[in-house]
Amino acid sequence: MTRFVLRRVLQGMFSILGASVIIFVVTRLSGDPVVLMLPPEAPEAMVSQMRERLGLDLPIWQQYFMFLSDAVTGDFGNSYRWEMPVLELIRERLPATIYLASAALVFSLMLSIPFGVLSAVWRGSWFDRFAKGVAMLGQAMPNFWVGLLLIIVFAIGLEWLPAYGADTPKHVILPAIALGWYPVAAQTRIVRSAMLDVLDSDYIRMGRSVGVPEGVLIWKYAFRNAAVPLVTMMGVYFASMLGGAFVVEVVFAWPGLGRTVVEALFARDFPVVQAGVLFAALMFVAANLVVDLSYGLIDPRIRNDR
Amino acid sequence: MSRIRMGAGAIALTCALLGSVAGPVTAEQTGQLTVALAAESTTMDPAKYSAGVDQYFIGTMFEMLVKPMPDGTVQNWLAEDWSIDDSNPDKPIIDVHIRPGVTFHNGDPLTSEDFRFSYERQADPNVSRWSHLQANVEEFEIVDDLHFRLHFSKPDAAYIANYLQLWAMPKKYFEQVGEEGFGQHPVGTGPWKFNSRKVKEELRLEAYDGYWNKDHHPTVKDLVIKIIPEDLTRVAALKTGEVDWIDNVPPAMLEDVKSQPNVATAAMPSGNNLFLDMDTIPEGPLQNVKVRQAIAYGIDMDAIIETVLFGQGIRYAEVSKDGTGYDPDLKPYPYDPAKAMQLMAEAGYPQGFDIDCYNLITPREPNMKEMGEAMYAYLGTIGVRCKVINLEYGAWINLGRRDEKTDQLNGGLLSWMWGQSIPADPTIAWGGHLHSYEPGKGWGSYSHVNDPEFDKMIEDASGEMNQDKRVAKLKEIAKRKHELVLGGLTTYQPLVTMAWNDTKVDYTPWPYPGFWRNFQEIGLKTQN
Amino acid sequence: MSLIEPIEPAAALEVRNLVTELRLRRGTLRPVDGVSFSVAKGQTLGIVGESGSGKSMTCLSLLRLLPRPGGRIAGGEVVVAGTDLTKLSDRELARDWRGRRISMVTQDPMSSLNPVYTIGDQVGAPLRYHRIARTRSDARARAAEALGKVRIPSPEARLHDYPHQFSGGMRQRVVSAMAIACAPEVMIADEPTSSLDVTIQVKMMDLYRQIQEETGVAIVLITHDMGVAASICDRIAVMYAGRIVEQGPAKELFRNPAHPYTQSLLSAIPKLGEKRKRLYALGGQPPSLTAMPKGCRFAPRCALADAKCHASYPGETNLGAGHRTNCWRVAEGGAPHAA
């Protein structure tokens, strides 16, 4: 078991390293941050002086090694724009993004699991069609648009929920819906198709033949088997929630990392972009690792193979 | 919403019981207002100010020697009076008397030492990105606690145009807490005192009860500034009562917001001046003045502003109405397509020509992308066939900026902007995009013009510290610039609209250097 | 709910004219088309026939485990302990009957157990849901007991194991344990040993016989293997194309098969010492469910068929001592000769 974990952690680190190289190169291809930081009439001398101060005049491989050696000690440099340590910026904001992404994931499961299971159990019924419709709606609409719509209806129109911010637990509801609705369609399909397979299986029929009540058959004995393909995708879905969070955060003025990184991108604030992407990669790798380890919890056949 | 109204009513009643709201600051202020801004300052340390947006926070807590007023004039502020001593015209001296009785938020009195300390910080290139603006000050002489003199190595009119540059920063406090401490808990002389901040979320301020200006000050105790970048969300927050005041109502939502009951709005011209820059450096049609004039006649700016911007823009000709060098006789070019076509033919392009037209898509001002597209579409009708190239902010800046190697515009058009501040003074802007490119001296860093006559005129005006003479010189430049359509065709100034809950908020718009979003006078309304 | 008088007084299970329909897009099929039989307490009835004859459908119908949607019982009665199961609701069936008084063991032990739950949980399930075990420890104890009955060594320890940790034969025992945990009156075994090798087959049959001796459970054994049928069945019913064509006491049936189909089934078994160049195989195919012949369903393949056979379905001929068949040739007199 430990060997397995070690191996996966090593793989993860390589992925993150690769991501760091890519983002390092790409940001520097996107333009010159110094020109954006200084006022328009700044003399050339000032520009080159600032460039020197930020180390941007060095060859790119040298810049990368400096970045890497600092990063390993936890120093991600200072934001060009904010003049505060990048790590602090991220540390303050990452939890909010993780919170939102998790809430969105939970919301999506709150829809996709019942939809998927019941659509399979009542295959072809009006519920099956209804669930499909709701799921497809989420897939068809871009998340920022859903967010704006939710604000109009629930904040302005009905005045049930707040329009922005993150002060109370109520505040996460609308952003979580806006972010989490998109993957519902794909998740529902996975659950439904897995459930259909499982419901037709011999062991479910066996359970029925010994008198297990239908509800228990569906939710206990069948669902756990059908959950495996869904769990497989959880890492991917969490990563896509992280990515989608960036946009939703702007709509709802959610104090997360996404907004920070997007703004940093426009401002060519390299240290923030680099660190932001790196942490996103880290989240993704960690999520996948957790998913892999959790297979063993769900499917005992996999446990002993480690 | 009703709960907030009730609360506000209770608080207002309390205020009324405690005494007149617009009275002396000595009475204890109460109550809280929440406002929402679309963008946020990156720093609260005036010496580290990098872009206009930083004024949003700095301007609430810090002050300068002079200050622009709501009526467009510049009045003495922390300076009781000041004058220019040009007994040696090549090395002028600015003589300043500080207003007595001004204190910082921590109680320390304001003295010349504090201004010298600020000067040193602002002149240090390792601290400030604008240190070059202090380059001409060769000595800061302290005469006594309330009297100091700035010795210049040569005439520098820009220094005056920039509100005498210096911010009042507390030397003793800074030395106690250090730069980082100061940046996290700033202390100034302004009407608002720092309370707390959550980066990217909110800034909490408290009215300073030792504030020196008894005539113009806030009338509410606590101010919470929230940051809501998304337009619709910000408007929604006002509608639901979650915030009491918002800035930047998007033009498309203006009708809707205005039609809300109990909402008051104020539209002010932003300090930003937009123009259509033309690359006259390489060989090409733009080098011909008739082509440039044709372009000026060929765009119906009024129509575009009305439809694309919902009327939220003001046309200007070179210098805006409140500005230094404003000439009421200089009118923006009227829309005259027939004349434009004629000019094109006279210039030798009866069939028109193809040209690259660069358009900014990042909405630094509302609907910039659509405005550019509309203008370029009009040009198409007079034969200037635009190949529209969209750029986002970073790429756009990089394209417009001159460097030693090339002028990347390749004889094309570029929608550009350069704020002239409030009130306007075009000196620095023209130094940047009208004067030819001289990298060593900092001239023309975004210039696509090469005209020696303009270079001379601009350098002359920037050294002229006598206000009347300056105005005359600037008018000269404006006139010539307008005729030749060089350094860009001036298009419009965007209007910024603020909106607030009229039954709850008592607000007077005040500018600070460059922008209107100053909370110099804001408070809770009392019940009559 | 009135008690229905059984025809044979000691019958644990009595099936009368059972008809099962499958509603599919291409039409409605009747894989079970009027099947009647009974099994006495402590006795084993074997149902034999080719694949597609309707044997599996019959036993699924007894517990109403038909494919959904589309499968339903269209007629007839299934009587256990005086109650017609076809008239009960699904909930009643599950709560009081399935696994409690009538249970089933199916063909493929590899897939009959839920891979993600322990066998303790699965064997305990009928005990818990039929309220025989009231607490978890009680369920565990009784499940271990059931595992002991099917001769699984160290049953308490193995309660925590998962199906994939058992061999095929052991799994079949576990499934059997689930079926007998609540001591039902009727157990249906659908080809319980087809996927196991011969030595294990023998052991399983032994086990079933022993359980039957201990508990008196009536067993319905579906098989296509005449040898298995011969070894433990007391009575045998032969199914063809959805109907029973002959049934009777096992010894009698083997000695004097009356129906031409039964005869061909028995001829197909090679005998020791017999010299034959080729194995005997019955030519042709059973009729398709969508195109059922009007008359005797075996007629198209029967060497003895005539016009009457093709025209109308043969009535029942009683050959005495519980031996019955449906065949015109038999009805007209004399047992036909073996082919």
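Cut-off values and rules
Residues numbered from 1 in each chain as written. Chains lettered and ligands numbered in written order. Predicted model: local features only at pLDDT ≥ 70, side-chain atom pairs only at ≥ 80, totals over all residues. Heavy atoms only, no water. Helix = DSSP H or I, 4+ residues; strand = E, 2+ residues; numbered from the N terminus. Rg over C-alpha atoms; globule rule 2.2 N^0.38 Å. Buried < 20%, exposed > 50% of the residue type's maximum accessible area, 1.4 Å probe, protein only. Areas by Shrake-Rupley, 256 points an atom, 1.4 Å probe, with all protein chains shown as cover. Lys, Arg positive; Asp, Glu negative; His and termini not counted. Charge placed at Lys NZ, Arg CZ, Asp CG, Glu CD. Polar contact = N/O pair within 3.5 Å; in protein donor to acceptor, adjacent residues only side chain to side chain. Contact = heavy atoms within 4.5 Å. Pairing = 2+ DSSP bridges. Axes fitted to C-alpha atoms, helices over the stretch in contact; angles between N-to-C directions. Domains from an automatic or database assignment. Buried area = accessible area lost by both parts, 1.4 Å probe. Salt bridge = Lys/Arg side-chain N within 4 Å of Asp/Glu carboxyl O. Nonpolar A, V, L, I, M, F, W, Y, C, P; charged D, E, K, R; others polar. Disulfide = S-S within 2.5 Å. Phe/Tyr/Trp six-rings, centres within 6.5 Å; stacked < 30°, edge-to-face > 60°.

*Asks:* Teacher, can you tell me more about the overall build of chain C here?
*Replies:* Counting its regular elements, chain C contains 12 helices and 12 strands. Computed over C-alpha atoms, the radius of gyration of chain C comes to 21 Å, within 12% of the 20 Å expected from 2.2 N^0.38 for 339 residues, which places it in the range of a compact globule. C-alpha atoms of chain C, sized along the principal axes, occupy 65 × 50 × 40 Å. Burial statistics for chain C: of 339 residues in total, 53% are counted as buried.

*Asks:* Got a minute to help me understand the overall build of chain B in this structure?
*Replies:* Summing up its helical and strand segments, chain B has 15 helices and 20 strands in all. The globule rule puts the C-alpha radius of gyration for 528 residues at 24 Å, and the 24 Å found for chain B is close to it. Per-residue burial for chain B yields a buried fraction of 59% across its 528 residues. Total accessible area computed for chain B in this model is approximately 20,100 Å², and 50% of it derives from carbon and sulfur atoms. Both charge centroids of chain B, one from 49 positive and one from 74 negative side chains, sit 3 Å from each other.

*Asks:* Hey, could you run me through the side chain of C:His323 in this one?
*Replies:* All names here are of chain C. Mapping histidine 323 onto the fold places it in the loop between β11 (316-318) and β12 (324-326). Relative accessible area serves as the criterion here: at 1%, histidine 323 is assigned to the buried category. A distance of 2.7 Å separates a polar atom in the side chain of histidine 323 from a polar atom in the side chain of glutamate 246. Beyond its immediate stretch of four places on either side in the chain, histidine 323 contacts Glu246, Gln247, Gly248, Pro249, Glu252, Leu253, Asn256, Ala258, Thr317 and Asn318.

*Asks:* Looking at this model, I keep getting lost on the sheet that holds strand β5 (residues 93-98) of chain B. Mind explaining?
*Replies:* Pairing between the strands of a sheet comes from backbone hydrogen bonds, and it takes one of two forms, parallel or antiparallel. Residue and element names in this part refer to chain B. If you walk across this open sheet you meet the 4 strands as β4-β5-β7-β6, and the pairing is antiparallel. Each edge of the sheet is formed by a strand with only one pairing partner; in this case those strands are β4 (79-85) and β6 (137-144). For this sheet, the mean angle separating the axes of adjacent strands, direction not counted, is 15 degrees. Both β5 and strand β7 (residues 147-152) contribute to a ladder of 5 bridges, which runs antiparallel.

*Asks:* Explain the domain arrangement of chain C to me, please; I cannot follow it from the model alone.
*Replies:* Size of an interface: often given as the accessible area lost when the parts come together. All names here are of chain C. By domain assignment, chain C separates into domain 1 (11-101 + 182-331) and domain 2 (102-181). Here the C-alpha centre of domain 2 lies 28 Å away from the C-alpha centre of domain 1. Facing the 34 residues of domain 1 at the interface are 23 residues of domain 2. Overall, the association of domain 1 and domain 2 removes approximately 2,400 Å² of surface from exposure, summing both partners, and the carbon and sulfur fraction of that is 64%. Run the count over domain 1 and domain 2 and you get 0 salt bridges. For the side of domain 1 that touches domain 2, the secondary structure elements donating two or more residues are α1 (55-62), α2 (90-97), β7 (186-190) and α7 (198-215). Considering every element that reaches the side of domain 1 that touches domain 2, the biggest residue donor is α7, with 8 residues. Here the residues of the side of domain 1 that touches domain 2 sort into 22 nonpolar, 4 polar and 8 charged.

*Asks:* What exactly am I supposed to notice about the sheet that holds strand β1 (residues 11-24) of chain C here?
*Replies:* Residues and elements named next belong to chain C. In space, the 4 strands of this open sheet follow the order β2-β1-β4-β5, with antiparallel pairing throughout. Each of the sheet's edge strands pairs with one partner strand only, and the pair in question is β2 (27-40) and β5 (83-84). Pairing of β1 with β2 involves 10 bridges; the strand directions are antiparallel. Bridging from a neighbouring strand, alanine 11 pairs with alanine 40 of β2.

*Asks:* Please clarify how the environment of A:Leu289 should be interpreted in this entry.
*Replies:* All names here are of chain A. Along the chain, leucine 289 falls in helix α13 (residues 270-298). The spatial distance from the C-alpha of leucine 289 to the C-alpha of proline 162 is 35 Å, given a sequence separation of 127 residues. When residues no more than four places from it in sequence are discounted, the contact partners of leucine 289 are Arg8 and Val9.

*Asks:* What exactly am I supposed to notice about the state of the cysteines here?
*Replies:* Linking two cysteines covalently via their sulfur atoms produces the bond known as a disulfide. Residues and elements named next belong to chain C. The full count for this structure, using the stated rule, is 1 disulfide over all chains. Here cysteine 182 stays unpaired: no disulfide links it, and the sulfur of cysteine 59, its closest cysteine neighbor, is 19 Å away. We note that cysteine 296 lacks a disulfide partner, and the nearest cysteine sulfur, in cysteine 309, lies 6.2 Å from it. A relative accessible area of 11% places cysteine 296 in the buried class.

*Asks:* Which parts of the structure should I look at to understand the interface of chain C and chain A?
*Replies:* The partner chain A presents 23 residues to the 29 residues of chain C that form the contact. In total, about 2,400 Å² of surface goes out of reach between chain C and chain A, with carbon and sulfur atoms giving 59% of it. Considering only the side of chain C, the residues that lose the most area to chain A are C:Val116, C:Tyr117 and C:Tyr129, jointly responsible for 25% of the buried surface there. Our count for the contact surface shared by chain C and chain A stands at 1 salt bridge. Across the salt bridge formed by C:Asp121 and A:Lys220, the nearest N and O atoms sit 3.0 Å from each other. On inspection of chain C and its partner chain A, the count reaches 10 residue pairs in polar contact (both at pLDDT 80 or more). When contributions to the side of chain C that touches chain A are tallied by element, the ones reaching two or more residues are β6 (102-105), α3 (119-129) and α6 (168-180) of chain C. Here the side of chain C that touches chain A is built from residues that sort into 16 nonpolar, 8 polar and 5 charged.

*Asks:* Please explain the side chain of A:Ser79 as it appears in this structure.
*Replies:* Residues and elements named next belong to chain A. For serine 79, the position within the fold is in the loop between α4 (60-72) and α5 (86-121). Engagement of the side chain of serine 79 in a polar contact is seen with the side chain of aspartate 269, the distance being 2.5 Å. What serine 79 contacts, discounting residues up to four positions off in sequence, is Met84, Val86, Leu89, Asp269 and Val272.

*Asks:* Would you mind showing me how to read the arrangement of the chains here?
*Replies:* With 2 pairs of chains in contact overall, the greatest share of contacts is found between chains A and B. Separated without contact, chain B and chain C have their nearest C-alpha atoms at a distance of 47 Å.

*Asks:* Sorry if this is basic, but what is going on with the packing of aromatic side chains here?
*Replies:* Two measures describe an aromatic ring pair: the distance that separates the ring centres and the angle between the ring planes. Residue and element names in this part refer to chain B. Evaluated as defined, the whole model comprises 41 aromatic pairs over all chains. Summarising the aromatic geometry, the rings of tyrosine 349 and phenylalanine 353 are spaced 5.1 Å apart at their centres and angled 65 degrees between planes, so their arrangement reads as edge-to-face. Accessibility expressed as a relative area gives 24% for tyrosine 349, which makes it partly exposed. The exposure class assigned to phenylalanine 353 is buried, which follows from its relative accessible area of 7%.

*Asks:* How should the pairing of β7(C) be read in this particular structure?
*Replies:* Within a regular strand, the side chains alternate between the two sheet faces. Residues and elements named next belong to chain C. Summarising burial for β7: 5 of the 5 residues are buried, a large majority. Residue alternation in β7 divides its side chains into two sets, Val186, Ile188 and Asp190 and Met187 and Ala189, and both sets are buried. Across 4 bridges, the pairing between β6 and β7 is parallel. Its bridge partner lying in β7, serine 103 is registered against methionine 187. As paired elements, β7 and strand β8 (residues 218-223) share 5 bridges and run parallel to each other. Bridging across to β8, isoleucine 188 finds its partner in valine 220.

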